[in-house]
Amino acid sequence: HNMGSDEAYNFVFKVVLIGESGVGKSNLLSRFTKNEFNHDSRTTIGVEFSTRTVELSGFTIKAQIWDTAGLERYRAITSAYYRGAVGALLVYDITKHLTYDSVERWKELYEHAEANIVVMLVGNKTDLESERSVPTEEARSFAENHKLLFLETSALESTNVETAFNNVLIETFAKVLKQPKN
């Protein structure tokens, strides 16, 4: 059948990108949805989203990935931004420890999003290994302690970007299948 039609998918999963400005959220989004990377990507103003359809165990899932400016300036939109999100990528820049420290602030995600939201901590910019300031192990233990998935990515080199989004979608899908049908 015509894949352009809205009947062509079984589920729509809203996944939000969260993190300070400049950590590479927009490039993770464009790498996953369009396989593009923009070296001089401008700061995102407000909210944008892109979609990509993926196949999981015979089901067609439309992933709707939302990106926003590092939310600080847009506190008013946060609850709307999170509403209905079933997945989130909590992104920091492995070369800027400050962007990792602020990961703590995103606990509010749980106040606004779906209760069983799947959250992955993502250390982006592994192409800048020589400038790393957040040790992989430190972030991994933080993720384990907070029951988050964890991966390091490079939107620039396209490393682990597919895997990061796909793992969030797979976990989300597993939760959806487990939910009792009302």
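Residues numbered from 1 in each chain as written. Predicted model: local features only at pLDDT ≥ 70, side-chain atom pairs only at ≥ 80, totals over all residues. Heavy atoms only, no water.

As recorded in an unreviewed UniProt entry, the chain goes by the name Ras-related protein Rab-25, listed as coming from Tetraodon nigroviridis. Here the chain is described in UniProt, under the heading Subunit (unreviewed entry), as follows: "Interacts (GTP-bound form) with RAB11FIP1, RAB11FIP2, RAB11FIP3 and RAB11FIP4. Interacts (via the hypervariable C-terminal region) with ITGB1 (via the cytoplasmic region); the interaction is GTP-dependent. Interacts with ITGAV. Associates with the integrin alpha-V/beta-1 heterodimer. Interacts with VPS33B." (UniProt positions renumbered as here; feature names shortened; annotations may be inferred.)

Chemist: Run through the pattern of salt bridges, naming residues and quoting values.
Modeler: According to the stated counting rule, one finds 6 salt bridges in the structure shown. Among the salt bridges present, the one from aspartate 93 reaches lysine 96, with a minimum N-O distance of 3.3 Å. Glutamate 152 serves as the salt-bridge partner of arginine 132, at 2.8 Å between the closest nitrogen and oxygen. Taken as a pair, arginine 132 in the loop between strand S5 (118–124) and helix H5 (136–145) and glutamate 152 in strand S6 (residues 149–152) lie far apart in primary sequence, 20 residues in all. The class for glutamate 152 is buried, based on a relative accessible area of 12%. Beyond isolated ion pairs, a larger network of salt bridges with shared partners links Asp93, Lys96 and Lys125. (Salt bridge = Lys/Arg side-chain N within 4 Å of Asp/Glu carboxyl O. Helix = DSSP H or I, 4+ residues; strand = E, 2+ residues; numbered from the N terminus. Buried < 20%, exposed > 50% of the residue type's maximum accessible area, 1.4 Å probe, protein only.)

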